[in-house]
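# Observations on the model geometry
So you can see what is in the structure, the chains are spelled out below.
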2 protein chains.
Amino acid sequence: MEYGFELLKKERSTGARLGRIKTPHGEFSTPVFMPVGTRGSVKGLSPADLEEIGVDIILANTYHLYLRPGHELIGSLGGLHRFMNWHGPILTDSGGFQVFSLCGLRKIDEGGVRFNSHLDGSKCVLTPESAIGIQEALGADIIMPLDECTPYPADREYALNSMNLTHRWALRCKAAKSANGQALFGIVQGGMYGDLREDSARTLVDIGFDGYAVGGLSVGEEKALMQEMAYAALRHLPEDRPRYLMGVGAPEDLVFGVEAGVDMFDCVMPTRNARNGTLFTRRGKLVIKNAQYERDPSPVEEGCSCYTCRNFSRAYLRHLFMSGEILAARLNTVHNLYYYAGLMKEMRSAIKDDRFEAFKKGFFEDRALTGRE
Amino acid sequence: MEYGFELLKKERSTGARLGRIKTPHGEFSTPVFMPVGTRGSVKGLSPADLEEIGVDIILANTYHLYLRPGHELIGSLGGLHRFMNWHGPILTDSGGFQVFSLCGLRKIDEGGVRFNSHLDGSKCVLTPESAIGIQEALGADIIMPLDECTPYPADREYALNSMNLTHRWALRCKAAKSANGQALFGIVQGGMYGDLREDSARTLVDIGFDGYAVGGLSVGEEKALMQEMAYAALRHLPEDRPRYLMGVGAPEDLVFGVEAGVDMFDCVMPTRNARNGTLFTRRGKLVIKNAQYERDPSPVEEGCSCYTCRNFSRAYLRHLFMSGEILAARLNTVHNLYYYAGLMKEMRSAIKDDRFEAFKKGFFEDRALTGRE
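Keep in mind that what you see is a predicted model, and the values were worked out from it rather than measured.

This paragraph deals with the overall build of chain A. When helices and strands are tallied, chain A shows 15 helices and 16 strands. Computed over the C-alpha atoms, the radius of gyration of chain A is 20 Å, within 12% of the 21 Å expected from 2.2 N^0.38 for a compact globule of 373 residues. Viewed in the frame of its principal axes, chain A has a C-alpha envelope of about 60 × 50 × 45 Å. Out of the 373 residues in chain A, the part that is buried amounts to 54%.

And the structure:
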């Protein structure tokens, strides 16, 4: 199947959109949330678990796979899908974000970014061309261009120069890309400057990509500012291409994003929080180590149909977590990803029925019922 | 269903036996291997995984569950089966072995054993009566009496006194036990003295238990000595009760044990080795971190039908292990337990067809085909 995006409808009273993305490894509905499988594995879960949860597409990190086991190795074994035995769609990032967040020593210039591996300190280089080459070897369905994730805070001059570099790299990425069926998205930058966000969106649309991501957000700024910047970019993106809000976010951020017309999200929050014992529910977060759950026979969330809630009590999950059992990470992750998948499904259903505002009202009312955050 | 053991057949030319054990939580064929679920979880695996692997019965550790989350908590939530959502048979040990192996400070006297918790150093006491009470709260199908696992090496006098203490405790355990449908086994001790092993077996048979375990072996002695001591006990155990060789062992030990007439085994080896990256195959152990597997597209074992071998390459498993991914522990554990379950199944089939010696010959020939240990 060739890559393609179909906008099925726009919700009547909000910016929310219902769509369908086709990829060489299957199609899925949007808005969608992509769990993060950093090193070729969504931590603790097998591909069978992901299918059971109802995961449509996963994200894998180019940076980590480039360092270990190496994209050439994965390519020689038939690509990432075969390597990890996940036969649904995969999106890979460019590796740039991890270089900026994980590597202490790094140097950016026109050519690309030099950095020391966080594993062994060895010297590495990522260029727009090599970022594409690596992602072609990995064979994801959707790939991303190398960009600079503008740090926060950054002054206007830095943000402008950084954005322009990202644009020049985007052009080089598009030029370097083979006609191999992989979709290439553009990444809007521009720091926390609305006019730069607009410039960036317009420039990337002029270059032309298969979809558009908004990067450099959820990097420490206030939520209101994040939302403002996302809007500033989104309103200049074309209707007929998917929009992807990178690295976002908490459940309430997904509700905001969908309302604003975002089609794709990714975030480590559901998986990382699960490993830390924080579980998502309709009524907010539940910290499983809390003493109140010590003898609690009820599931994490009444009415939840995930494997964890169907089979285990809070008391057992608390015991596993307190004992440091591997199974704790897994069962918690199953629940959190199921919650996220369910939230997206509910939103798609609300969009279909033109009742997104009512959905949103209910979403925040449910949370207000308890004191949980 | 009430507890019961049926000896279905004895193999023609060896001591190997085919049997069937009924318990309140289902029945299974023997010889059987019991994976260890120390803290109410077979590390990394869900009950669904255990079922898919074909696990018939699991062992849980009284010591660990007594300390955390506590047997009263588990009892108040409906018992261990419900707590961990494993609805097949469970055997619990008495806790004695862990006290001797995990607790630095401990004091044994006629009454029982005093020890400091390895978790927080708090003072604890285990008596024959409390070991039974704890196991009754946990609700396992088969429970074990408190015994002293005679240290190795131990002089004859120590071994004799220790054995006699174990016998007195066994009597107290039997007296303390409720008529609640749980089966209680006796544990043969006697150190590395064949005549004491015989004495112990005879004494316990006189007291009368639902089955007989041979304890205190695989504690550092040579394999030949372990086998000699096991034989010394086994030959004095009755045909109509199951025999359980505690804490054993490696695949070749299971073959020996079955040949000698053992019906039940448990060992952390398949699960612990899995987490350390050592995988069991017909041709011996495979250490997945070895560089030779870096680009190896083949499964751990050709022809193996486990979830891991059906879906993942050695190269991927090596990558997961080298990256410290949680999934490595899980996929390796699935394979090792499947290997152990398959080995037991093959042995049962060989006994049925009166070809155990041919099976054993093939087992050791397969291993000789490679240089792997």
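The next subject is the sheet that holds strand β12 (residues 211-214) of chain A. Strand pairs in the sheet, formed through backbone hydrogen bonds, run parallel or antiparallel to each other. Residues and elements named next belong to chain A. Pairing is parallel across the open sheet formed by eight strands, whose spatial order is β4-β14-β13-β12-β11-β10-β6-β5. At either end of the open sheet lies a strand with only one pairing partner, and these are β4 (32-34) and β5 (58-60). Where strand β10 (residues 142-143) lies against strand β11 (residues 183-188), two bridges are found, and the strand directions are parallel. If you follow Ile 142 over to β11, its bridge partner there is Ala 183.

Before going further, it helps to examine the domain arrangement of chain A. Residue and element names in this part refer to chain A. In terms of domains, chain A is made up of domain 1 (4-267) and domain 2 (274-368). Relative to domain 2, the C-alpha centre of domain 1 lies at a distance of 27 Å. Mapped onto the side of domain 1 that touches domain 2, the elements with two or more residues apiece are β4, α1 (47-53) and α10 (251-259). Ranked by residues supplied to the side of domain 1 that touches domain 2, first place goes to α10 with five residues.

Moving on, we get to the relation of the copies chain A and chain B. Note on the chain copies: they are related by a rotation about an axis and a translation along it. Its rotation angle being 180°, the transformation that places chain A on chain B also includes 0.0 Å of axial translation and leaves an RMSD of 0.0 Å. Here the two chains are linked by the operation of a two-fold rotation axis. No C-alpha of chain A lies nearer the rotation axis than that of Ile 326 of chain A, which sits 3.6 Å from it. Interface overlap between copies: 100% of the residues of chain A at the interface are likewise at the interface in chain B, consistent with a symmetric, same-surface contact.

Take helix α10 (residues 251-259) of chain B next. Residue and element names in this part refer to chain B. Counting buried residues in α10 gives eight out of nine residues, a clear majority hidden from the surface. Residues of α10 that are buried: Pro 251, Asp 253, Leu 254, Val 255, Phe 256, Gly 257, Val 258 and Glu 259. Where α10 ends, the next residue or the one after it, Gly 261, has phi of about 100°, a positive value.

With that settled, consider the sheet that holds strand β2 (residues 17-23) of chain B. Residues and elements named next belong to chain B. The strand order β1-β2-β3 describes an open sheet built from three strands, whose pairing is antiparallel. Edge positions in the open sheet fall to β1 (4-10) and β3 (26-30), since each of these has one partner strand only. Put simply, the sheet's adjacent strands are angled 15° from each other on average, direction ignored. Here β1 runs beside β2; their pairing, made up of six bridges, is antiparallel. Paired with Glu 6 across the strands is Arg 20, a residue of β2.

The next thing to look at is unusual backbone geometry. That bond from Arg 68 of chain A to Pro 69 of chain A is cis: its omega, 5°, falls within 30 degrees of zero. Residue placement: Pro 69 of chain A occurs in the loop between α2 (62-67) and α3 (71-76). For Asp 354 of chain A, which is not glycine, the phi dihedral falls at a positive 50°. Locating Asp 354 of chain A in the fold gives a position in the loop between α14 (326-352) and α15 (356-368). Taking the C-beta count within 10 Å as the criterion, Asp 354 of chain A has 15 such neighbours and is therefore assigned partly exposed. Its identity as a non-glycine residue notwithstanding, Asn 85 of chain B has a phi of 60°, on the positive side. Among the structural elements, Asn 85 of chain B can be located in the loop between α4 (80-84) and β7 (90-92). Owing to 15 C-beta atoms within 10 Å, Asn 85 of chain B belongs among the partly exposed residues under this scheme.

So, on to the interface of chain A and chain B. The interface is formed by 30 residues belonging to chain A together with 30 residues belonging to chain B. Where the side of chain A that touches chain B is concerned, the elements lending two or more residues are α3, α4 (80-84), α13 (314-322) and α14 of chain A. The dominant element in the side of chain A that touches chain B, judged by the number of residues it contributes, is α13 of chain A, at five residues. Of the residues contributing to the side of chain A that touches chain B, the split by class is 14 nonpolar, ten polar and six charged.

Turning to the nonpolar core, a few remarks are in order. Counting residues in each nonpolar core, the largest one holds 223 residues, and the members touching the most others are Ile 58 and Phe 185 of chain A together with Ile 58 and Phe 185 of chain B. In terms of residue count, the dominant contributor to this core is α14 of chain A (16 residues). When residues no more than four places from it in sequence are discounted, the contact partners of Phe 185 of chain A are Ile 142, Met 144, Phe 209, Asp 210, Gly 211, Tyr 212, Ala 213 and Tyr 244 of chain A.

This part covers the packing of helix α6 (residues 128-138) of chain A against helix α7 (residues 156-176) of chain A. The angle between the axes and the distance between the axes are what describe a pair of packed helices. Residue and element names in this part refer to chain A. Interaxial distance between α6 and α7 falls to 8 Å at its minimum, and their mutual angle equals 45°. The angle between the axes of α6 and α7 places the two elements in the oblique class. Relative to α7, α6 is oriented so that their crossing is right-handed. Contacts from Pro 128, Glu 129, Ala 131 and Ile 132 of α6 reach α7 at Trp 169, Arg 172, Cys 173 and Ala 176. Within the contact of α6 with α7, the residues separate by chemical class into six nonpolar, no polar and two charged.

Let us look at the pairing of strand β9 (residues 112-116) of chain B. Residues and elements named next belong to chain B. Bridge count for strand β8 (residues 106-109) against β9 is four bridges, and the pairing is antiparallel. In the sheet register, Lys 107 faces β9, and the bridge partner there is Arg 114. Taking the residues that link successive antiparallel strands as the turn, the β8-β9 hairpin has two residues. By the bridge criterion, four bridges tie β9 to strand β10 (residues 123-126) in an arrangement that is antiparallel. If you follow Val 113 over to β10, its bridge partner there is Leu 126. With antiparallel pairing between neighbouring strands as the criterion, β9 and β10 make up a hairpin whose turn holds six residues, including Gly 121 at a positive phi of roughly 75°.

Interaxial distance between α14 of chain A and helix α14 (residues 326-352) of chain B falls to 10 Å at its minimum, and their mutual angle equals 105°. Here α14 of chain B runs roughly perpendicular to α14 of chain A, going by the angle between their axes. Residues Ile 326, Ala 329 and Arg 330 of chain A of α14 of chain A form the contact with α14 of chain B, whose own contacting residues are Ile 326, Ala 329 and Arg 330 of chain B. Class assignment for the residues of the contact of α14 of chain A with α14 of chain B results in four nonpolar, no polar and two charged.

So, about the environment of Arg 310 of chain B. With respect to the element layout, Arg 310 of chain B can be found in helix α12 (residues 307-311). The exposed category is assigned to Arg 310 of chain B, around which 10 C-beta atoms lie within 10 Å.

Glancing now at the environment of Ser 313 of chain B. One can find Ser 313 of chain B in the loop between α12 and α13 (314-322). You can call Ser 313 of chain B buried: it has 22 C-beta atoms within 10 Å. For the pair Ser 313 of chain B and Gln 292 of chain B, spaced 21 residues apart in sequence, the C-alpha to C-alpha distance is 13 Å. Those residues in contact with Ser 313 of chain B, other than ones at most four positions away along the chain, are Leu 77 of chain A together with Asp 296, Pro 297, Ser 298 and Pro 299 of chain B.

Rules behind the numbers
- Residues numbered from 1 in each chain as written.
- Chains lettered and ligands numbered in written order.
- Predicted model: local features only at pLDDT ≥ 70, side-chain atom pairs only at ≥ 80, totals over all residues.
- Helix = DSSP H or I, 4+ residues; strand = E, 2+ residues; numbered from the N terminus.
- Rg over C-alpha atoms; globule rule 2.2 N^0.38 Å.
- Buried ≥ 20, exposed ≤ 12 C-beta atoms within 10 Å, placed from the backbone.
- Pairing = 2+ DSSP bridges.
- Domains from an automatic or database assignment.
- Least-squares fit on C-alpha atoms with pLDDT ≥ 70 in both.
- Contact = placed C-beta atoms within 7 Å.
- Axes fitted to C-alpha atoms, helices over the stretch in contact; angles between N-to-C directions.
- Nonpolar A, V, L, I, M, F, W, Y, C, P; charged D, E, K, R; others polar.
- Core = buried A, V, L, I, M, F, W, Y, C linked by C-beta atoms within 7 Å.
- Parallel < 35°, antiparallel > 145°, perpendicular 65-115°, else oblique.
- Left-handed = near helix turned anticlockwise from the far one by under 90°.

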